[in-house]
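Below, each chain spelled out in residue letters.
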Amino acid sequence: MPSAVSEVHAETQRSQRNARVCDLGLVRYVDALERQNQFVELRQSGAISDQLLIVEHPHVVTMGRNGHPENLLAQPEVLARSGIQFYETDRGGDVTYHGPGQIVGYPILDLREWKRDVHAYVRAVEEVIVDALAGFGIAAGREAGATGVWTSDGKIAAIGVHISRWVTSHGFALNVDTDLNYFRYIVPCGLTRPVTSMRKLGCQARREEVVAALVRSFGIVFDRQMENL
Amino acid sequence: MIDVVMPQMGESIVEGTLTKWLKKPGDTVGRDEPLFEISTDKVDTEIPSPVAGVLAEVLIEEGKTVGINTIVARINDGSSAPAAAPVAAAPAPVAAPPPPAPVPEADGTPEPVATVVEETAGPLSPLVRKMARENNIDLSKVKGTGAGNRITKQDLEAYLASKTAAPKSQAEPPAPPTPQTPTAPPVVQAAPPPPPPPQAVATIPQTVDISSPAPGTRVEQMSVMRQRIAEHMVFSKHTSAHVTTVHKVDFTKVAKVREKAKANVQAQYGFSLTFLPFVLKATCVALRQFPLLNASIQGDTNIIYHRDINLGIAVALENGLIVPVIRNADEKSVIGLQRSIADLAARARSRQLRPEEVKDGTFSVTNFGSFGSVFATPVINQPQVAILGVGTVEKTPVVIDDAIAIRSIAYLALTFDHRLIDGALADQFTGKIKAILEGWSEEIS
């Protein structure tokens, strides 16, 4: 049955689609942004495969395209005095904070090779985080109308995405052992709800373990063979 | 001129907020060059221009939220003259639905493609575009009576009525392909012509042609809920390998328990006791024993076993249905389940359900028996893998030990996803429910 064989063959090839993981460690927000833009261009031209950038940022507050300035509770000058950078960016979502102890993931995916569905993409990113957290015994989930990942103790991961010609950039930020006090400078995503971290929920997992879990979960949810660099 | 429409960026997306114009009217824009940005949920998306040209007109201002396929701008690509050939060759706007299959043309001037025709008719509402598409109407032949001579729904209805009234029927099979238009199209009057005589109906061929509704029919857009239900049902039928198995269940013991407790429950709790919570209770026990029925399929290869038993209960609404969920149903008593059913059904009908109350179901039950159905073959509520339908409980003569007895009988129909569940397992599962219900001994209040 040649048709069945070729179907199996196609199936194998499809499931072997690769995504490359780059854990860049501590990177300034602007530098990561530049790196993302390069990757997006390369991905759009088909020069590279899907990518998952993993970084950690020094203290920074960013505001999305639809951000409401009133959700920034401190003026940029005040932030600067506390050693916090401030940027306006082109991702979706409102204002958020990144800092040490947080795993920031920037998937650069061509959604034309996935589902061509931006909502499904956001839901899938949530699933990646929920599944990874489950491995550490943390029950997390979605909340209707409030993108991100939630636990009974509050929001544990934020999501904001930009898409250009179906290629994604920006992504998610998961609080591992973030100093949650820094969130006081903002109303995260315009929601007056508590923020939490894995550490606050009693999980002592190390950053590398969490990154590994996220990468594994990412491969399963997006059906990608993850190659570490 | 090319219309640029709000694209659909995903299956569940019906509208988008235009957050930023990246070009101003008068700007030159290249094909695939980012033209504007939209925002849905937490995603900002750059939308590239479908063609190269000059941005002629911006119809939707920044910050406005509009439905998909709404025209947001027009680009002059140098082809605004009636000479349609180059435009016809140009690709359609990003997400515009494909134009209908072209009608066979008679020799002579070719009909321009849909986008171009619509361009001559001024801005159109999505409804009008849709009607025109579905009915194969050439909009250049329709006179607009709306503001700025825009074509309205009424204009299309009048046009349709006038066409159907015309003696020549476009659906008549033996006729050679007729040009839809005489060479000099008469201007169609906005006032609808008198209704066609009844004889005209009889000449319409038997073939079902939904693209040109018969006179006297009414075209109405589905409600959003109806559209979602339609999508979900077809999606489910495409996704799962539906098989239904039906078991006959003797409810006599349950009926006795219910009869005994009914008045008390009504007095003490204020709701009436039905057969449904007994079925739910038995279902929870069976789900614990056969966890594959309380599972989902992830991708094509993984089975997700759900820890919690969250039962979806189908509730009929005036013009649709919704499936609110009883969370951790296995932790509730028969009375507790009845309370949840009454509460969820009442709030579903008054549209007061919270979003989280209609999600995360792991198995569903539909009680078509309440409308008198004996048994039906329900459609699985994705991403679940089975749904139990409960038929009406009726006193029926049955043979027991070669004697005829009168028992309270109902049919339980289990539709299961044969991708994951085989008939033997489905019947063991339903058999378990049957055994619990038939052997019901405990009192409930």
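Here, residues in each chain are numbered from 1, in the same order as that chain's written sequence. Both sets of labels track the order of writing: A upward for chains, 1 upward for ligands. Residues qualify for local features only when their pLDDT is at least 70, as the model is predicted, and side-chain atom pairs are given and counted only at 80 or more; totals for whole chains, interfaces and linings, by contrast, use all residues. Excluded from the side-chain calculations are hydrogens and water; all other atoms, namely the structure's heavy atoms, are used.

Peer 1: Summarise the overall build of chain B; cite the residues concerned and give the values.
Peer 2: Secondary structure elements follow DSSP: runs of H or I of four or more residues count as helices, runs of E of two or more count as strands, with numbering from the N terminus. From N to C terminus, chain B includes ten helices and 19 strands. Only protein chains enter the accessibility calculation, which uses a 1.4 Å probe. A residue is then buried if its area is under 20% of the maximum for its type, exposed if over 50%, and partly exposed in between. Within chain B, the proportion of its 445 residues that are buried is 39%. Residues count as neighbours in contact if any of their non-hydrogen atoms are within 4.5 Å of one another. A sequence separation of at least 24 residues applies to 62% of the contacts in chain B between residues at least 6 apart.

Peer 1: Summarise the sheet that holds strand S3 (residues 60-63) of chain A; cite the residues concerned and give the values.
Peer 2: The strands making up a sheet associate through backbone hydrogen bonding, with each pair oriented either parallel or antiparallel. Residues and elements named next belong to chain A. Two strands are counted as paired when DSSP detects at least two bridges linking them. A sheet is described by the order of its strands in space; here three strands give the open sequence S4-S3-S5, paired in mixed fashion. Strands at the two margins of the open sheet, each flanked by one partner only, are strand S4 (85-88) and strand S5 (95-98). Taking each pair of neighbouring strands and ignoring which way they run, the sheet shows an average axis angle of 20°. Taken together, the four bridges between S3 and S5 define a ladder with antiparallel strand orientation. When the sheet's bridge partners are listed, Val61 is paired in S5 with Tyr97. Inter-axis angles, ranging from 0 to 180 degrees, are taken between N-to-C directions of lines fitted to C-alpha atoms, where helices are fitted over the stretch in contact.

Peer 1: Which residues make up the interface of chain B and chain A, and what values go with them?
Peer 2: At the interface, 23 residues of chain B touch 30 residues of chain A. In this description, buried area is defined as the sum, over both parts, of the accessible area (probe of 1.4 Å) that is lost when the two are combined. Around 2,000 Å² of area is buried between chain B and chain A when both sides are counted, 47% of it from carbon and sulfur atoms. Counted as salt bridges are all cases of a side-chain nitrogen of Lys or Arg within 4 Å of a carboxyl oxygen of Asp or Glu. Where chain B touches chain A, the interface holds zero salt bridges. Think of a polar contact as two N or O atoms within 3.5 Å of one another; within protein, one of them needs to be a possible hydrogen donor and the other a possible acceptor, and neighboring residues in sequence only count if both atoms come from side chains. At the boundary of chain B and chain A, one finds eight residue pairs in polar contact (both at pLDDT 80 or more). At the level of secondary structure, the elements contributing two or more residues to the side of chain B that touches chain A comprise strand S2 (15-21), strand S4 (34-40) and strand S5 (43-48) of chain B. If you tally residues by element for the side of chain B that touches chain A, the top one is S5(B), at five residues. Classes in brief: Ala, Val, Leu, Ile, Met, Phe, Trp, Tyr, Cys and Pro nonpolar; Asp, Glu, Lys and Arg charged; the others, Gly included, polar. Among the residues making up the side of chain B that touches chain A, the classes are represented as five nonpolar, eight polar and ten charged.

Peer 1: How would you summarise unusual backbone geometry if you had to cite specific residues and measurements?
Peer 2: Residue Gln382(B) is joined to Pro383(B) through a cis peptide bond whose omega torsion reads 0°. Along the chain, Pro383(B) turns up in the loop between strand S16 (363-366) and strand S17 (386-390). Here the phi dihedral of Arg116(A) falls at roughly 50°; this positive angle occurs in a residue that is not glycine. Positionally, Arg116(A) belongs in the loop between strand S6 (102-108) and helix H4 (118-134). Although it is not a glycine, His170(A) sits at a positive phi angle of roughly 55°. Inspection of the secondary structure puts His170(A) in strand S10 (residues 167-175).

Peer 1: Would you mind going over the nonpolar core in detail, with residue names and values included?
Peer 2: Within this scheme, the nonpolar core is defined by two criteria: the residues are buried Ala, Val, Leu, Ile, Met, Phe, Trp, Tyr or Cys, and they are joined through side-chain atoms within 4.5 Å. Counting 63 residues, the largest nonpolar core has Met198(A), Phe222(A) and Val72(B) as its most contacted members. Sorting elements by how many residues they give to this core places H4(A) first, with eleven residues. Setting aside residues no more than four positions away along its own chain, Val72(B) makes contact with Val4(B), Val5(B), Met6(B), Leu18(B), Trp21(B), Phe36(B), Glu57(B), Val58(B), Leu59(B), Ile60(B) and Val66(B). Residues Val279(B), Ile335(B), Leu388(B) and Ile444(B) belong to the second largest nonpolar core, which totals 55 residues.

Peer 1: So, the packing of aromatic side chains: which residues are in play, and what are the values?
Peer 2: For Phe, Tyr and Trp, rings pair up if their centres lie within 6.5 Å, where Trp contributes its six-membered ring, and each pair is then called stacked (planes under 30 degrees apart), edge-to-face (over 60) or tilted (otherwise). This model, assessed by the stated rule, comprises 15 aromatic pairs over all chains. For the pair Trp114(A) and Tyr121(A), a centre-to-centre distance of 6.5 Å together with 85° between the ring planes defines the contact as edge-to-face. Residue class for Trp114(A) comes out buried when judged on its relative accessible area of 19%. Arranged with centres 5.1 Å apart and planes meeting at 50°, the rings of Trp21(B) and Phe36(B) form a pair that is tilted. Here Phe36(B) lies in strand S4 and Trp21(B) lies in strand S2, a separation of 15 residues in the sequence. The pair Trp21(B) / Phe36(B) is uniform in exposure class, with both members buried. By definition here, charges over rings are those cases where NZ of Lys or CZ of Arg is within 6 Å of the ring centre and within 35 degrees of the ring normal. The ring centre of Phe275(B) lies 4.5 Å from the NZ or CZ of Arg258(B), which sits over that ring.

Peer 1: Before we move on, could you go through the packing of H4(A) against helix H5 (residues 207-222) of chain A and cite the residues and values that matter?
Peer 2: Residues and elements named next belong to chain A. Packing of H4 against H5 brings their axes to within 8 Å, and their N-to-C directions diverge by 135°. Taken as axis vectors, H4 and H5 run oblique relative to one another. The handedness of the crossing between H4 and H5 is right-handed. Of H5, the residues touching H4 (which contributes Tyr121, Ala124, Val125, Glu127, Val128, Ile129, Asp131 and Ala132) are Ala213, Leu214, Ser217, Phe218, Val221 and Phe222. With respect to orientation, any angle under 35 degrees is reported as roughly parallel, any angle over 145 as roughly antiparallel, any angle of 65 to 115 as roughly perpendicular, and every other angle as oblique. Crossing handedness is defined as follows: a turn of the near helix away from the far one that is anticlockwise and smaller than a right angle gives a left-handed crossing, while the clockwise case is right-handed.

Peer 1: Please provide a residue-by-residue account of the pattern of salt bridges, values included.
Peer 2: Under the definition given, this model contains 29 salt bridges over all chains. Several salt bridges share partner residues, and in doing so they unite Arg17(A), Arg43(A), Asp50(A), Glu113(A) and Arg224(A) into one network.

Peer 1: Give me the confidence of the model for chain A: which residues, what numbers.
Peer 2: All names here are of chain A. The pLDDT value tells you how sure the predictor is about a given residue, anywhere from 0 up to 100. Summing up the model confidence of chain A, the mean pLDDT is 86 and the portion of residues at 70 or higher is 90%. Put simply, helix H1 (residues 2-15) is where chain A has its lowest mean pLDDT, 41, and S6 is where it has its highest, 97. Low confidence marks residues 1-15, where pLDDT is under 50. Its contacts with residues over four positions away, or in another chain, come to three contacts.

Peer 1: Any details on a nonpolar patch on the surface? Residues and values, ideally.
Peer 2: Within the patch definition used here, like charges are joined within 9 Å and nonpolar side chains (Val, Leu, Ile, Met, Phe, Trp, Tyr) within 5 Å, considering only residues with over 30% relative accessible area and no salt bridge. Values of accessible area rely on a 1.4 Å probe in the Shrake-Rupley scheme; residue burial ignores everything except the protein chains shown. Together, Val246(B), Val374(B) and Phe375(B) make up an exposed nonpolar region whose accessible area comes to about 220 Å². With respect to the helices and strands, the residue Phe375(B) is situated in the loop between S16 and S17.

Peer 1: Can you lay out the sheet that holds strand S8 (residues 71-76) of chain B for me, pointing to particular residues and giving the numbers?
Peer 2: Residue and element names in this part refer to chain B. As summarised here, the arrangement of the four strands in space is S1-S8-S6-S3, forming an open sheet in which the pairing is antiparallel. Only two strands of the sheet have a single neighbouring strand rather than two, namely strand S1 (2-5) and strand S3 (28-29). Both strand S6 (residues 53-58) and S8 contribute to a ladder of four bridges, which runs antiparallel. When the bridges of S8 are listed, Glu57 appears paired with Arg74.

Peer 1: An account of helix H10 (residues 423-438) of chain B is needed here, citing residue identities and associated values.
Peer 2: All names here are of chain B. One fewer than the residue count of a helix, multiplied by 1.5 Å, yields its expected span. If you check H10, its first and last C-alpha atoms are 22 Å apart, about what 16 residues at 1.5 Å a residue would give, namely 22 Å. Among the residues of H10, Ala426, Phe429, Thr430, Ile433 and Leu437 are the ones counted as buried. Buried residues of H10, seen end-on, are gathered within an arc of 90° and therefore sit on one face of the element. Residues of H10 that are buried sit in contact with strand S9 (242-250), helix H7 (252-269), helix H8 (276-289), S16, S17 and strand S19 (403-417). This arc is built from the directions going out from the helix axis to the C-beta atoms.

Peer 1: Explain helix H9 (residues 334-349) of chain B to me, using residue names and the numbers behind them.
Peer 2: An α-helix turns once per 3.6 residues; consequently, residues spaced three or four apart project the same way. All names here are of chain B. Over its 16 residues, H9 extends 22 Å from the first C-alpha to the last, a length consistent with the 22 Å expected when each residue adds 1.5 Å. Within the span of H9, buried status applies to Val334, Ile335, Leu337, Gln338, Ser340, Ile341, Leu344, Ala345, Arg347 and Ala348. The elements touched by buried residues of H9 are H7, H8, strand S13 (315-317), strand S14 (320-322) and strand S15 (325-326). Just beyond H9, the residue with positive phi is Arg351, at close to 55°.

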